[in-house]
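Residue strings, one per chain:
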Amino acid sequence: MVGRRTVVAAALGLAAAACGAPRRTAERAAVGAAAPDAPSGPPSGPPSPAPGGTRPPAPPTREQVLDRYAGRAPQQWGTDLPGVVPTVPDGALALTFDACGGPGGDGYDAALIGTLRRLRVPATLFLNSRWVDANPGPFAELAADPLFELGNHGTAHRPLSVTGRSAYGITGTADPAAAYDEVAANRAKLTALLGRAPGWFRAGTAHYDEVAVALVAELGERVAGFAVNGDGGATFTPGQVAATLAAAAPGSIVISHFNHPDAGTGEGYARALPALLDAGRRFVRLSD
Ligand SMILES: [Zn+2]
């Protein structure tokens, strides 16, 4: 555990390059959120009704949640808060790739996805609503592939705030209602398309206050952080991506992007993954 905390602390220096980094000014208006999986459900497939008719308790309504969170003043802001999960158990690596959508963010890195498929490396993909709307074909293919878990990367790709705080120049959600809708609207979209609710969420820019983190849990999703910034917000060269992956500590959640086919991300993963597999490194989806 001490080792993991060290990993997390070391990663913070790179966190500024998570999606929505300053250099990507074209994407400033278009940040996405990631989808969660169902923590109490099976790792894959839609939850089946219990034979005896027992059901999990109904989630609180939007009004109930907003009543509960009205007037709460957050004290924290960032990518590494309590409730934001940066690691996975048992020394595995959890590769996560975001598709942020919006202007300059609607691309699809088919080569990167092809590399993961060829090497049979599972991953969790965080999809923003706008990317889903712009990529119906790739979305359908990814949704049908059990190698991938699909998570919620938000509706408008906003930092998740209850007071409108910004990250990388992207304005966060203004209040609890906006934060709720940023999570819930894309959750509803993905649930309708997939036939099951996502279990994991990652906000656009991966920034939160602690009230917003608690609000995500009310909707039944866990918040995916990261311990390793694998592609510097899709700015790294292939060599930088490969070196970063090679150095990833066991247990790390790695954040990268699959919506920038011209970035170094795909080639970096193609270079790094064979050696990691040869070394016996194990890869998991977040719900695994
Ligand atoms: Zn993003």
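Caption draft 1: Representation of the pairing of strand S10 (residues 253-257) in the model. Extensive coverage of S10 is indicated by the burial of 5 of its 5 residues. Covered by surrounding structure in S10 are Ile253, Ile255 and His257 together with Val254 and Ser256, the residues of both alternating faces. Pairing between strand S2 (residues 94-99) and S10: 5 bridges, direction parallel. Across the sheet, Ala94 pairs through a bridge with Ile253, a residue of S10. When strand S9 (residues 228-229) meets S10, the two strands line up parallel, connected through 2 bridges. Residue pairing in the sheet places Val228 in a bridge with Val254 of S10. Read from S9 through helix H8 (residues 238-246) to S10, the crossover connection turns out right-handed.

Caption draft 2: Broad picture of helix H6 (residues 176-194). The end-to-end C-alpha distance of H6, which contains 19 residues, comes to 27 Å, matching closely the 27 Å that a straight helix rising 1.5 Å per residue would cover. Along H6, the positions that sit buried rather than exposed are Pro176, Ala179, Tyr180, Glu182, Val183, Ala184, Asn186, Arg187, Leu190 and Leu194. Downstream of H6 by a residue or two, Gly195 has a phi angle that is positive, lying close to 80 degrees.

Caption draft 3: View of helix H2 (residues 62-69). Among the residues making up H2, those that are buried are Val65, Leu66 and Tyr69. For H2, the arc enclosing every buried residue in end-on projection is 95 degrees, short of the 170-degree limit, so these residues lie on one face. Exposed side chains of H2 directed beyond 90 degrees from the buried face belong to Glu63 and Asp67. Where H2 is buried, its residues contact H6 and helix H7 (210-218). Where H2 ends, the next residue or the one after it, Gly71, has phi of about 80 degrees, a positive value.

Reading the values: rules and limits
Residues numbered from 1 in each chain as written. Predicted model: local features only at pLDDT ≥ 70, side-chain atom pairs only at ≥ 80, totals over all residues. Heavy atoms only, no water. Buried < 20%, exposed > 50% of the residue type's maximum accessible area, 1.4 Å probe, protein only. Helix = DSSP H or I, 4+ residues; strand = E, 2+ residues; numbered from the N terminus. Pairing = 2+ DSSP bridges. Right-handed = clockwise from strand over helix to strand, strands pointing away. Expected span 1.5 Å × (residues − 1). Arc of directions from axis to C-beta. Contact = heavy atoms within 4.5 Å.

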